[in-house]
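Structural overview
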Amino acid sequence: QVKLVESGGGLVQAGGSLRLSCAASGSILRINGMGWHRQAPGKERELVAYIWGSSTPDYADSVKGRFTISRDIGENTVYLQMDSLKPEDTGVYYCNADVRTYYSDFDDDSWGQGTQVTVSS
């Protein structure tokens, strides 16, 4: 019922920048929060950044000062501006949203398919 589509991943050299986008579509009544997680090879998925409503965003300590998350509430879209990228930022980046649909009395946790980010040294 809810689809999240990420874009903007790719290959970049260390110190470079990328901007990820994630658009949500479907039978959406409201989106409570949106964010990004990532999973590096051989590691567990971890939170990168999350923005809940209009609150101050949360960031993983490893990306503070380098990544910026923002939302376009009207377009059901979340962005992740990634600057000063490091090789350890490499991984699959997943969009995540806490969504209430028209067909449910509960909020659902939705995930995108992921987009690969590779930072070369």
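Scope of this entry: the structure provided in the associated data block.

Criteria and thresholds
Residues numbered from 1 in each chain as written. Predicted model: local features only at pLDDT ≥ 70, side-chain atom pairs only at ≥ 80, totals over all residues. Heavy atoms only, no water. Helix = DSSP H or I, 4+ residues; strand = E, 2+ residues; numbered from the N terminus. Buried < 20%, exposed > 50% of the residue type's maximum accessible area, 1.4 Å probe, protein only. Contact = heavy atoms within 4.5 Å. Pairing = 2+ DSSP bridges. Axes fitted to C-alpha atoms, helices over the stretch in contact; angles between N-to-C directions.

Below, the discussion takes up the side chain of Ser-110. Tracing the backbone through its elements, the reader meets Ser-110 in strand β10 (residues 107–111). When its relative accessible area of 10% is taken as the criterion, Ser-110 is described as buried. Ignoring anything within four residues of it in the chain, the contact list for Ser-110 reads Val-2, Leu-4, Cys-95, Asn-96, Ala-97 and Val-99.

Take the sheet that holds strand β7 (residues 67–72) next. If you walk across this open sheet you meet the four strands as β1-β3-β8-β7, and the pairing is antiparallel. Sheet topology places β1 (2–7) and β7 at the edges, where each strand pairs with a single neighbour. Neighbour-to-neighbour, the strand axes of this sheet turn through a mean angle of 15 degrees, independent of strand direction. Of the pairings in the sheet, the one linking strand β3 (residues 18–26) to strand β8 (residues 77–82) comprises six bridges and is antiparallel in character.

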